[in-house]
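# Tertiary structure, described
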Amino acid sequence: MLSPALFLSLLFLASGLYSYTLMRLSLRPWMRVRDQHWTERARWLWLARKTRTAVAMSVIGLGFILRHELAADVPAVSMVLFGTLGGFFTAQFFIDRLVWPGFTLRLWLRQTLWMLLLTSAWLGVIVWATISTSESLESRDWLRLGVAAVLLVLIYSGVWLRALPGLSANPHTSRLRQIVDEVTAASGVPPVRAWVMDAIMANAFALMYIRSIIVTTPAMKELDDAELRTLVQHEMAHLSESRSVLCSRMLGGLSWLGFAFTRPVVHHFQIGGVFWLFLGVLLLRKLAANTAKRMENRADSMSVTNEAEGPVYARALEKLYQANQMPAVMTKRLSHPDLYDRMTSAGLIPAYPRPAPPPQRHWTFFAAIIPAAFWLGIKMADKF
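So, here's what we can say about the structure. (Residues numbered from 1 in each chain as written. Predicted model: local features only at pLDDT ≥ 70, side-chain atom pairs only at ≥ 80, totals over all residues. Heavy atoms only, no water.)

## Considering the nonpolar core
The biggest cluster of nonpolar side chains holds 24 residues, and the ones touching the most others in it are L176, I213, V215, L228, V232, M236 and L239. Elements that contribute at least two residues to this core include exactly α7 (173–187), β1 (193–197), β2 (204–207), β3 (212–216), α8 (217–222), α9 (225–239) and α13 (309–324). With 5 residues, the single largest contributor to this core is α9. With residues up to four places along the chain from it excluded, the contact list for L239 reads V192, A206, L207, M208, R211, S212 and I213. Among the nonpolar cores identified, the runner-up in size contains 23 residues, and L22, V59, F103 and F365 belong to it. (Core = buried A, V, L, I, M, F, W, Y, C linked by side-chain atoms within 4.5 Å. Buried < 20%, exposed > 50% of the residue type's maximum accessible area, 1.4 Å probe, protein only. Helix = DSSP H or I, 4+ residues; strand = E, 2+ residues; numbered from the N terminus. Contact = heavy atoms within 4.5 Å.)

Now the structure itself:
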């Protein structure tokens with residue numbers, strides 16, 4: 001048996017090596033097509049991104065398996081997570097540098113830490129509400145659920161962004177601010193906050209609950225003023241969504257609190273009641289996803305104010321997808337329509353045939369999940 005300190009050190013190294021090996025192998029198809037059209041490269045990079053998710057879940061599972069099998073004085077759960085995820089994210093940095101050689105360690109660390117902080121806050125609220133809710137649902141349980149709901153609303157709304165220092169320090173902010181002011185003046189809508197955020201990806205998004213638009217620095221560099229204007233008009237369309245749509249979006253986020261009722265449901269309806277609880281959460285998530293898809297179609301239709309802006313908006317979208325190496329066509333629709341369809345709908349036929357969607361899985365995806373699944377199968381077989 002290993003001591004906790006030695007176990008965690010070895011866990012960090014093993015997680016990093018295991019993660020890097022699988023993610024590096026998943027990039028091989030992308031590297032083989034590096035000289036081909038960007039749509040072909042994006043197809044294979046998407047495949048590697050799906051493998052990355054499997055690797056992250058796998059290293060966490062394997063970390064707890066090793067904790068169970070090897071550690072003498074069992075380390076805390078938080079320390080196991082720190083060791084496994086620390087190794088995974090260290091490996092991810094070197095993988096990301098292969099895909100985007102230009103970004104710095106400082107930018108990567110800042111973006112990764114913010115992502116981890118928000119994810120931990122979101123997950124912590126849900127776990128806290130779930131484990132603290134009693135079987136009988138007393139008044140203090142409803143109070144905790146109310147507090148949890150308020151915390152999730154604060155996270156989803158983005159209101160906390162307004163308290164961060166230095167939001168207007170980006171040198172591209174004045175350019176974005178000028179275009180946003182011109183668009184709001186022409187459309188007669190109330191003033192809108194606009195920020196430029198340093199990030200790895202070229203993107204723009206609207207924070208509907210605080211009437212704000214955020215554009216990342218890579219997007220500001222990729223787009224000219226005319227293209228940026230159409231992108232701003234797209235995000236402005238989201239800021240004009242109805243209250244019922246905003247409630248539907250927020251309800252989708254709050255639906256995760258349905259799992260806080262797990263203990264009372266099991267107490268009153270046995271374990272089978274969890275199925276209906278899960279189904280209810282899934283239904284609310286599906287309704288919110290459908291609303292988001294309808295709003296993206298609406299925003300696309302409002303991204304141009306005249307026929308001449310259609311091709312400009314299409315080129316802006318293509319530049320963002322190309323910069324991010326995102327597939328122009330997906331196997332199934334996500335929140336946004338496929339880029340190829342968005343471009344043709346905007347009045348610009350791409351200069352290349354409709355690309356094929358990304359393949360479903362790479363062998364590294366299964367290589368990532370098999371070890372933990374195999375161990376779990378053995379343990380279940382021993383019990384029976």
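Right, picking up where we left off after that structure.
## Quick look at the pattern of salt bridges
Scanning the entire structure with this criterion turns up 13 salt bridges. Among the salt bridges present, the one from D198 reaches R110, with a minimum N-O distance of 3.2 Å. Highlighted residues: D198 in the loop between β1 and β2 and R110 in helix α5 (residues 105–132), separated in sequence by 88 residues. By relative accessible area, R110 is classed as partly exposed at 38%. Of the charged contacts, one joins D181 and R177 as a salt bridge, the two residues approaching to 2.7 Å between their closest N and O atoms. Residue D181 and its partner R177 are located together in helix α7, separated by 4 residues, close to a single helical turn. A relative accessible area of 37% means that D181 is categorised as partly exposed. When its relative accessible area of 25% is taken as the criterion, R177 is described as partly exposed. Here the residues in one salt-bridge network are D338, D341 and R354, joined through shared partners. (Salt bridge = Lys/Arg side-chain N within 4 Å of Asp/Glu carboxyl O.)

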